[in-house]
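Observations on chain architecture
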Amino acid sequence: MITIIDYKAGNLTSVKLAFDAIGVESEITDSGPRILKADRVVFPGVGAAGAALRTLNDMKLVDVIRQVVQKGKPFLGICLGTQIIFERSEEDDGVECIGLVPGVVKLFRPVNRFEKVPQMGWNSVRQVSGHKIFNGISDNSEFYFVHSYYPSPSDKSYILGETEYGGVSFASVVGTGSLVATQFHPEKSGKVGLKLLDNFCKWSGD
Amino acid sequence: MLTKRIIPCLDIRNKKVTKGVRFQNNIELGDPVELASKYYDDGCDELVFYDITASAERRPIDIDMVREVAKAVRIPFAVGGGISTLDDMSRVLLAGAEKVSVNSLAVENPGIIKDGAKAFGSQCIVLGMDPLKVKISAEIPSGYEITTRGFRHHTGLDALAWARKAVDLGVGEIVVNSVDADGTRNGFEIDLTRMIADNVGVPVVASGGAGTPDHLVQVFRQAGADAAIIAGMIHTGQFTIPQIKNFLAESNIPVRKQW
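Each value, and the rule that gives it
Residues numbered from 1 in each chain as written. Chains lettered and ligands numbered in written order. Predicted model: local features only at pLDDT ≥ 70, side-chain atom pairs only at ≥ 80, totals over all residues. Heavy atoms only, no water. Salt bridge = Lys/Arg side-chain N within 4 Å of Asp/Glu carboxyl O. Buried < 20%, exposed > 50% of the residue type's maximum accessible area, 1.4 Å probe, protein only. Helix = DSSP H or I, 4+ residues; strand = E, 2+ residues; numbered from the N terminus. Contact = heavy atoms within 4.5 Å. Buried area = accessible area lost by both parts, 1.4 Å probe. Polar contact = N/O pair within 3.5 Å; in protein donor to acceptor, adjacent residues only side chain to side chain. Nonpolar A, V, L, I, M, F, W, Y, C, P; charged D, E, K, R; others polar. Core = buried A, V, L, I, M, F, W, Y, C linked by side-chain atoms within 4.5 Å. Pairing = 2+ DSSP bridges.

Some remarks on the pattern of salt bridges
- By the definition in use, this model includes 28 salt bridges over all chains.
- With a closest N to O distance of 3.7 Å, Lys-188 of chain A and Glu-187 of chain A form a salt bridge.
- Residue Lys-188 of chain A is classed as buried on the basis of its relative accessible area, which comes to 9%.
- Of the charged contacts, one joins Glu-173 of chain B and Arg-5 of chain B as a salt bridge, the two residues approaching to 2.8 Å between their closest N and O atoms. Placement of Glu-173 of chain B in strand β10 (residues 173-177) and of Arg-5 of chain B in strand β1 (residues 5-13) is noted, with a sequence separation of 168 residues between them.

Take a look at the structure:
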């Protein structure tokens, strides 16, 4: 059973439908006790970091998320969920985030006027580690991105995958221990995205 | 590198995909969910559905269809037609669509863009616009006027001014559908697309006129479009999506290669 954390940051229908498509049972919940009991946890989200952090604090979910990761349960961040596990985001004039990954989240500042913000569409991910989340996925496969800010870990050993946009090479997949997080949306990335979700479901978090 | 998106457009009338020229002489092409699944398997990057009679008939969009499409494909898709309230947007997004497209009703009530972007995020809100080439005047300095209600109504709005205003209000993407090129399969209207793409900071999707793979190369290379909508050229079976993508790749346009 996959537990998808609902903190009112965007639409979780696609995440659940993607797990349905690979035959894995999932539930969407905002209950701390249920999240703590889960085998594995997905932390999705779209929207603004400031509002997301306020909601997580109001719902008392920040400590729940820390505990899930401390216990070594497989944990998958997606998009905004990935950004707010960093220490800080430049969004909303600077937001203190959860701090599970050292580093900050920065705004794209493209010099080429044809590179729009947000980045919207399919971009390739260069695998910089042999992580199990990439099992059976070709290097430089394309995934679907929608974002204006990008993760920038201060410790490069957290980087699992990299993508080029806006004049930078940014960390599109990060991870440590039982935590893995993608800036792209695997749930909307076709069959390659489903393969990554399937890998996550089979991963013991080691 | 960010790839250029190829987006099949499915016009829905009475629960079936149809195709006409400038909304006239519509012919039925099949079931929306079946066609969506086929194009997904063929490697399209995104899909867009317009319920082309919902707005005129003042009825909400067919939510069951949106739900079925969401179950069938694992790529983003946008839904337009008959979206007039936040409630309409919410229902479409919760049914599994990635984006909602507003057009005529946003011209009548621009506030819906701001409210939608605030409630669901700019990335969900797409502005569809149907500009018609007109004589340059003080009112229409860009030479393109916004039409609504299936091109029948002339709004007096300048296309570039409207695009800029919509971005300020919070749209995350603009679909520029040339009235003059729509359904002709004679190529996109490059000048119009480039004018909008050069002057707004959000992604621009070219629409109207796609007839050959080379038309897509032109609109990506000469107009700076981020994505292109195709319809008749694949609905008729004249071209397939892999054929189009291969042609683009050979022309050094970045496209998604594996799916």
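Comments concerning the interface of chain B and chain A
- Taken together, the 38 residues of chain B in the interface contact 31 residues of chain A.
- Carbon and sulfur atoms make up 52% of the area that chain B and chain A hide from each other, which totals about 2,700 Å².
- Contact with chain A buries area across many residues of chain B, yet Leu-2, Arg-74 and Gln-258 of chain B alone supply 26% of it, more than any other trio.
- At the boundary of chain B with chain A, the tally comes to 4 salt bridges.
- Among the ionic pairs, Glu-142 of chain A bridges to Lys-257 of chain B, the shortest N-O distance being 3.3 Å.
- Summed over the shared surface of chain B and chain A, the result is 13 residue pairs in polar contact (both at pLDDT 80 or more).
- Of all elements in the fold, only α1 (32-42), α2 (63-72), α3 (86-94) and α7 (190-199) of chain B reach the threshold of two or more residues within the side of chain B that touches chain A.
- Across the side of chain B that touches chain A, the residue classes break down as 18 nonpolar, 7 polar and 13 charged.

Focus: the nonpolar core
- Grouped together as the largest cluster of nonpolar side chains are 82 residues, with contacts concentrated most on Leu-47, Phe-77, Ile-113, Leu-127, Ile-196 and Leu-216 of chain B.
- Among the elements that line this core, the one with the most residues is helix α6 (residues 159-169) of chain B, at 6 residues.
- Residue contacts for Phe-77 of chain B: discarding those within four places in its chain leaves Leu-47, Phe-49, Val-66, Val-69, Ala-70, Gly-96, Ala-97, Glu-98 and Lys-99 of chain B.
- In terms of nonpolar packing, the next biggest core, distinct from the first, is built from 35 residues, Tyr-7, Val-41, Leu-56 and Val-69 of chain A among them.

Description of the pairing of strand β12 (residues 159-165) of chain A
All names here are of chain A.
- Of all 7 residues in β12, 6 are buried, a share of seventy percent or more.
- Sheet analysis places strand β9 (residues 126-127) next to β12, joined by 2 bridges and oriented antiparallel. Within β12, the position partnered with Arg-126 by the bridge is Glu-162.
- Connecting the antiparallel pair β12 and strand β13 (residues 168-176) is a turn made up of 2 residues, with Gly-166 showing a positive phi of about 60°.

Some remarks on helix α8 (residues 213-223) of chain B
Residue and element names in this part refer to chain B.
- Regarding α8, the residues found buried are Pro-213, His-215, Leu-216, Val-217, Val-219, Phe-220 and Ala-223.
- Each element contacted by the buried residues of α8 is listed here: β1, α7, β11 (204-207), β12 (227-230), α9 (232-235) and α10 (241-250).
- Positive phi shows up at Gly-224, right after α8, with a value of about 70°.

Structural notes on the sheet that holds β12 of chain A
- One open sheet accounts for 8 strands, arranged β2-β1-β3-β4-β14-β13-β12-β9 (chain A); its pairing is mixed. Only two strands of the sheet have a single partner each, and these edge strands are β2 (26-29) and β9 of chain A.

Things to note about the sheet that holds strand β5 (residues 86-89) of chain A
All names here are of chain A.
- Pairing within the open sheet is mixed, and its 4 strands lie in the order β6-β5-β7-β11. Looking along the sheet, the strands with just one partner apiece sit at the ends: β6 (95-96) and β11 (149-153).
- As judged from the 2 bridges shared by β5 and β6, these two strands associate in the antiparallel manner. Paired with Arg-88 across the bridge in β6 is Glu-96.

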